[in-house]
Amino acid sequence: MIKQFFKGVSLRKFLLLLAITLVAIVIIAGGVYTGIRTLTRPPTVPTQVRIPMQPPLEQTNPSIESDSEEYYPDENEANDTEEIIVLPPVVYAIMDRKPNFFTFLVFGLDSGNNADVLMVGAFDVNTQSIYSISIPRDTRLDTQRRAGLRKPVVSYSTGRAGGRDHESGVTQMKSDIQTLFGFQPDFYVTIEYDAFVRMVDSVGGVTVTVPFHMRYDDPFDNLRINIPAGTQVLDGERALHFARFRLANSGFRAVTDYQRMEHQQQIIHALFEELLTPRTVLRVPELIGIYRDHVNTNLSYPDKIWFANQFLGMDNPTLSTYTLPMRGTSGAPYWYELVDRNAALELINRTVNPFVQEITVEMVRIL
């Protein structure tokens, strides 16, 4: 039938017919897209939230601020003669949400399901502001897990222990984050390393300043990092190496976890700038494919469209990155990073706090 339809049609008429068809498709597609934009509404979050509150930790047990690992005995410590402090029942505060203010838990997992990259972000639509607070992987958590595992780097893998699923890992991660931030983020985004590599490659690489020659070989993880010093454009794989670099070969310089987070933030800023360039529009189909294949999230499809529209429609967006303030380390054998509670609360309330009211010391469990 198709052959009969086009039989005797000249090439000129065929091209004209094709052009008309394409225009019709564009008009229809545009109408559908406009309809989606019109029908899409902001993601639904509660206007009020019940937040658990505890008495200030120093009033409950003055010694809890020490670096001791024995405050919460493990099962094999059940016969320990140390007094166990029983906390009073939890009470709740009713917190009002800021309008058009959304929070995110973003983390990247290595092959062992450890969260090497971990941050809490917020998007304030009204002010076109995006905030991100990086969390050191060895941050000390107030949790009953076995000594040495009271860190957010293993929160996800702990939640998945015993064959539990992905959502169980996320639930555990969000619960642990609440002890530090006073709230559970609205949405989570889990990013695989392949997504990061492909995203950087899709925008043509990112420009960063490498402070010194980074050289590290780990045959067990099939990881070989070799990045010379200087300002340069890194492709996806080398950008990932720059973000992951911490240990170094003999004779080369290593970095602390804080310095590694600074490198990660530099990458985020560089990628953010590239995504805001007009040429990124041409990469949208590829970026959608990357997102589909390598990103796990609880954002619904309409939510994704709404956030994408807000992001692309921003006139002068600002991205501010921070690191959760610390007051030192516990030292050997576990090398916990200890949160500076007052400084952390000040930063949280200034940036990612989704509530009209301030988050107070009673709402967190920071040792």
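Heads up: the structure comes first, above all this text.
Enquirer: Help me out: how do you make sense of empty space enclosed by the protein in this one?
Expert: Rolled over the atoms, a probe with the dimensions of a water molecule shows which regions are left empty. Taken as a whole and judged by the stated rule, the model has 2 cavities of 30 Å³ or more. What the second largest cavity holds in volume is close to 60 Å³.

Enquirer: Any chance you could explain the layout of surface pockets here in plain terms?
Expert: In this model, the second largest pocket occupies a volume close to 280 Å³. Lining the second largest pocket are 14 residues, and of these D116, R137, R244, R246 and R260 sit closest to its centre. Mapped by element, the contributors of at least two residues to the lining of the second largest pocket are β8 (214–218) and β9 (223–227). Looking at the lining of the second largest pocket residue by residue, the class counts come to 5 nonpolar, 1 polar and 8 charged.

Enquirer: What exactly am I supposed to notice about the environment of G121 here?
Expert: Residue placement: G121 occurs in strand β4 (residues 115–124). For the pair formed by G121 and T103, sequence separation is 18 residues and the distance between their alpha carbons is 5.6 Å. Dropping the residues within four chain positions of it, G121 is found in contact with F102, T103, F104, Y131, S132 and V352.

Enquirer: Explain the sheet that holds strand β6 (residues 187–191) here, please?
Expert: Strand-to-strand pairing in sheets goes through backbone hydrogen bonds, with the strands running parallel or antiparallel. Ordered in space as β11-β6-β3-β4-β5-β12, the 6 strands form an open sheet in which the pairing is mixed. Two strands lie at the open edges of the sheet, namely β11 (295–297) and β12 (318–323), each paired on one side alone. Sheet twist, expressed as the mean angle between neighbouring strand axes with direction ignored, is 20°. Sitting on the sheet, helix α10 (residues 301–312) is in contact with β3 (101–109), β4, β5 (129–134), β6 and β11, with an inclination near 105° to β3.

Enquirer: It is not clear to me how the packing of helix α6 (residues 193–202) against helix α7 (residues 236–244) should be interpreted in this structure. Could you clarify?
Expert: Geometry of a packed helix pair, given as the angle between the helix axes and the separation of the axes. For the pair α6 and α7, interaxial distance at closest approach is 7 Å and the crossing angle is 125°. Compared by their axis directions, α6 and α7 come out oblique. Considering the relative orientation of α6 and α7, their crossing is right-handed. Across from Y193, F196, V197, V200 and D201 in α6, the residues of α7 making contact are G236, E237, A239, L240 and R244. For the contact of α6 with α7, the per-class residue count stands at 6 nonpolar, 1 polar and 3 charged.

So, how was this worked out
- Residues numbered from 1 in each chain as written.
- Predicted model: local features only at pLDDT ≥ 70, side-chain atom pairs only at ≥ 80, totals over all residues.
- Heavy atoms only, no water.
- 1 Å grid on protein atoms, 1.4 Å probe; cavity = no way out; pocket = protein on both sides within 12 Å on 5 of 7 lines; lining within 4 Å.
- Points joined across faces, edges and corners; volume = space filled by probe spheres on them.
- Helix = DSSP H or I, 4+ residues; strand = E, 2+ residues; numbered from the N terminus.
- Nonpolar A, V, L, I, M, F, W, Y, C, P; charged D, E, K, R; others polar.
- Contact = heavy atoms within 4.5 Å.
- Pairing = 2+ DSSP bridges.
- Axes fitted to C-alpha atoms, helices over the stretch in contact; angles between N-to-C directions.
- Parallel < 35°, antiparallel > 145°, perpendicular 65-115°, else oblique.
- Left-handed = near helix turned anticlockwise from the far one by under 90°.

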